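For reference, the chains in residue letters:
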Amino acid sequence: MTRLRTVILTLTVLVAALSACSSSSSTGPSALIDESPGSLCVPNSQNGPVQYGLTTLNTAQFSEETTIDAVELVNADGITVAGAWVLPLDVWENDVVTGAEIAVGEFDEYPKISTTTPVRMEPNTMLGLVVALDADDAGGAVEHIRVQHHSDGRSFHADSSNRITVAAIGEACID
Amino acid sequence: MKNQLTQRLVGISLSAALTTVALGTVLPASAVELTEDAVADELGLNLEHGLVLAQVNLTESDGSALKEEVVIQAFAWPSTELLEAQQEGETLPLTLVGVGVSNSGDSSVDIKLDEDAARSLVKVGEPVDISLLGQTTEGDINYGFTVNTEEIQPQVQTTARGAFTTSQRSELEPREIDLVPGEASQLPEDSQEVAQPTQEPYREKSAKCYLTLKQNLGKKLVAVGSGAQNTKNIKHTFTYKKGGVTTLGVGISATGKKGSFKSSGEVSRKSDSTTTWPAKSGSVSREYKTYYTYGRYAYTCHGMFKSWSQEEIRPISYAGGAQYSDSSKIPTATKCVNHVKGSKFTKDTSKATTWSNGASLKSVIGIDLSSQAGYTEAVSIKFEFTGAGKLCGSNDYPGGKPNRLVGKG
């Protein structure tokens, strides 16, 4: 009898664990980013990554805390992410200069998004996203910036709608 | 092929019209409660698949529900190809494609699409103008809009037996419309009263309708975009794209007299070429305009006991051309981001400004009609930063959904 109880208990725990695992692993698009299509071209920099600061994150659709897990590039060629931070809107508006080089430690006082230090956002809040983009000398392009996040027990991703091009070093953006 | 499809649409209209006469006979005044099934049967429409074309909120001017039964018929206009070829004085039939019934005290009416009509619209494969027409004791109902048949296409497919599948019918996004009968138009003084069989105010519950092109008004300027900056370090370039959809207002009038027109709905037209205006730098607010041809239509509806007509001004087709007007007043835009010198940002607008007076028709009908480019990706605007500066949106940051964009030094 005791053995039967143990088996039932084990099965119950297993089912609960599988169920929790399956609900949190479900992914889907979210409205964390709400943009209409556009494209950006910025000059390249010999001195390190350049800033991308056109995208805001808005948690209006979520009823619980949202955790920003990672920032990735979708269909990138010649560009990688060197870092990503979330900033209060007023700071983001004033301090971020899209296309400018990022000085060492420039955004270190703000939460950095990484797999080891996920950033949390309260419901119904809006923050500015700044991404440090490291481009090859020959330049590069990326279709979307993707933000992986989870909230309300589910995982989501949100894509920017702005295509980004970084020109080759010494060259201007061309149409 | 297109002509065959149009003929098919017309065919639906004719077969439906043969039955509309009977409806007026069996349902004089408000003696019999109308049901959607009964009306659909009488009109020869099959509404069983449940595709809802529009959800109409039908109220009195004080917002209360109408205290009478109302039948709203949905008519499809002929294709753009036929409208472009229509000569002044030529009459074409409108095609009955759906119907909705509102019972007394219920303000909500679902206008449902006939199954054959839905199939024909899908085959036509281009946007189709719809007019919602009806009569109440408070006045006429007349509202125009455009259905993008591409929205129907993935959902409305037929099985081998020709039926619609349940999972495919829920994707059509019904147009939500608020209507107050008589507010947009009054019964014409010269409406033809064929007979008056009852002492109660009589309104026709079904009719067959025709449209006549009374006058091709030619090219009219339509605002399709804007751009502005307050510094010589920024320049912008505006492009109006081939295939882009512009939404243009419809004006209706019971009499057709100048000054009697009121706006009632809007229809969409596609541009068939791409136009890029010259880049503009320096402090300026520039409004971009192109031409659409407009027509003055009379449409006449024949019910069982009565005929009535209205006049309508609506766009016929895109005519091209690149005009602009400048103003020194820079629009307000406060959602700003900084740009480095040498950067370029292009916004492909998904929803742009609506100009309530964007289509210049005041000299003809007494009012200007609305215009809005960007129903789909109709326009793009590119800002080039020859010096460091800001780009600001009026409703949102430039990367989001900014509506108007303004460059600032």
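Bear in mind that the values here come from a model prediction, so they are computed numbers and not experimental data. (Residues numbered from 1 in each chain as written. Chains lettered and ligands numbered in written order. Predicted model: local features only at pLDDT ≥ 70, side-chain atom pairs only at ≥ 80, totals over all residues. Heavy atoms only, no water.)

Participant: How should I be thinking about the overall build of chain A in this particular structure?
Facilitator: Along chain A, the regular secondary structure elements total 2 helices and 11 strands. Element order for chain A, N to C, with α for helix and β for strand: α-β-β-β-β-β-α-β-β-β-β-β-β. In chain A, buried positions account for 42% of the 175 residues. When the accessible surface of chain A is summed, it comes to about 8900 Å², and 53% of that surface belongs to carbon and sulfur atoms. (Helix = DSSP H or I, 4+ residues; strand = E, 2+ residues; numbered from the N terminus. Buried < 20%, exposed > 50% of the residue type's maximum accessible area, 1.4 Å probe, protein only. Areas by Shrake-Rupley, 256 points an atom, 1.4 Å probe, with all protein chains shown as cover.)

Participant: Teacher, can you tell me more about the overall build of chain B here?
Facilitator: From N to C terminus, chain B includes 6 helices and 23 strands. Out of the 409 residues belonging to chain B, those deemed buried represent 56%. Partitioning the contacts of chain B with sequence separation of at least 6, the portion at a separation of at least 24 is 77%. Accessible surface, chain B: about 16400 Å² in total, of which carbon and sulfur atoms supply 45%. (Contact = heavy atoms within 4.5 Å.)

Participant: Could you clarify how one ought to interpret the pattern of salt bridges in this entry?
Facilitator: In a structure, side chains of opposite charge can pair up when their charged atoms sit close to one another. All names here are of chain B. Under the defined criterion, the tally for this structure stands at 16 salt bridges over all chains. Of the charged contacts, one joins Asp-129 and Arg-314 as a salt bridge, the two residues approaching to 2.9 Å between their closest N and O atoms. Here the residue Asp-129 occupies a position in strand β6 (residues 128-136), and Arg-314 occupies one in strand β16 (residues 307-327), the gap between them amounting to 185 residues. For the pair shown, Asp-129 and Arg-314 are each scored as buried. Lys-241 is the salt-bridge partner of Asp-348, the closest N and O atoms lying 2.9 Å from each other. In this pair, Asp-348 sits in strand β18 (residues 344-349) while Lys-241 sits in the loop between β10 (234-240) and β11 (245-253), placing the two residues 107 residues apart along the sequence. By relative accessible area, which is 21% here, Lys-241 ends up partly exposed. (Salt bridge = Lys/Arg side-chain N within 4 Å of Asp/Glu carboxyl O.)

Participant: Which parts of the structure should I look at to understand the interface of chain B and chain A?
Facilitator: Size of an interface: often given as the accessible area lost when the parts come together. Taken together, the contacts link 24 residues of chain B with 28 residues of chain A. Carbon and sulfur atoms supply 48% of the area that chain B and chain A bury against each other, a total of about 1900 Å² over both sides. Considering only the surface of chain B that becomes buried against chain A, Asn338(B), Lys344(B) and Tyr397(B) emerge as the three largest contributors, covering 30% of it. Between the two partners, chain B and chain A, sit 1 salt bridge. Between Asp34(A) and Lys401(B) there is a salt bridge, and its shortest N-O distance comes to 2.7 Å. Applying the counting criterion to the chain B and chain A interface returns 14 residue pairs in polar contact (both at pLDDT 80 or more). Mapped by element, the contributors of at least two residues to the side of chain B that touches chain A are β17 (335-339) and β18 of chain B. The element that contributes the greatest number of residues to the side of chain B that touches chain A is β18(B), accounting for 5 residues. (Buried area = accessible area lost by both parts, 1.4 Å probe. Polar contact = N/O pair within 3.5 Å; in protein donor to acceptor, adjacent residues only side chain to side chain.)

Participant: Before we go on, may I ask you to explain the state of the cysteines in this structure?
Facilitator: When the sulfur atoms of two cysteines share a covalent bond, that bond is a disulfide. Residue and element names in this part refer to chain A. With the rule as written, the count across this model stands at 3 disulfides over all chains. Here Cys-41 engages in a disulfide with Cys-173; their sulfurs sit 2.1 Å apart. One quick way to see it: the torsion about the S-S bond of Cys-41 and Cys-173 is about -95°, and its sign makes the bridge left-handed. Placement of the pair is Cys-41 in strand β2 (residues 38-42) and Cys-173 in the segment after β11 (162-166), with a sequence separation of 132 residues. (Disulfide = S-S within 2.5 Å.)

Participant: Is there a simple way to think about the sheet that holds strand β8 (residues 126-135) of chain A in this case?
Facilitator: One key point about sheets: their strands pair by backbone hydrogen bonds, in either a parallel or an antiparallel sense. Residues and elements named next belong to chain A. Spatial ordering of the open sheet is given by β3-β8-β5, a layout of 3 strands whose pairing is antiparallel. The open sheet terminates on both sides in strands that have one partner only, identified here as β3 (50-58) and β5 (79-87). Taken over all neighbouring pairs, the strand axes of this sheet differ in orientation by 25° on average, direction set aside. One ladder, built from 8 bridges, connects β5 with β8; its direction is antiparallel. In the strand pairing of β8, Leu-87 is matched with Gly-128. (Pairing = 2+ DSSP bridges. Axes fitted to C-alpha atoms, helices over the stretch in contact; angles between N-to-C directions.)

Participant: Just to check I follow, could you spell out the packing of aromatic side chains for this structure?
Facilitator: Here the distance between the centres and the angle between the planes together describe a pair of aromatic rings. Residue and element names in this part refer to chain B. Under the counting rule described, the total for this entry stands at 10 aromatic pairs over all chains. An aromatic cluster is built from Phe-238, Trp-277 and Tyr-288, whose rings are joined through pairwise contacts. Over the ring of Tyr-291 we find Lys-219, and its NZ or CZ is 5.0 Å from the ring centre. The residue whose ring lies beneath Arg-314 is Trp-77, and the NZ or CZ to ring-centre distance is 3.5 Å. (Phe/Tyr/Trp six-rings, centres within 6.5 Å; stacked < 30°, edge-to-face > 60°. Lys NZ or Arg CZ within 6 Å of the ring centre and 35° of its normal.)

Participant: I tried to follow the nonpolar core on my own but got confused; where do I start?
Facilitator: Leu57(A), Leu87(A), Leu129(A), Tyr240(B) and Tyr294(B) are the most contacted members of the largest nonpolar core, which has 69 residues in total. Looking at this core, the element that brings in the most residues is β8(A), giving 7 residues. Within the second largest apolar cluster, 26 residues are counted, among which are Ala117(B), Leu121(B), Ile177(B) and Leu179(B). (Core = buried A, V, L, I, M, F, W, Y, C linked by side-chain atoms within 4.5 Å.)

By themselves, these are just geometric observations and shouldn't be taken as functional.
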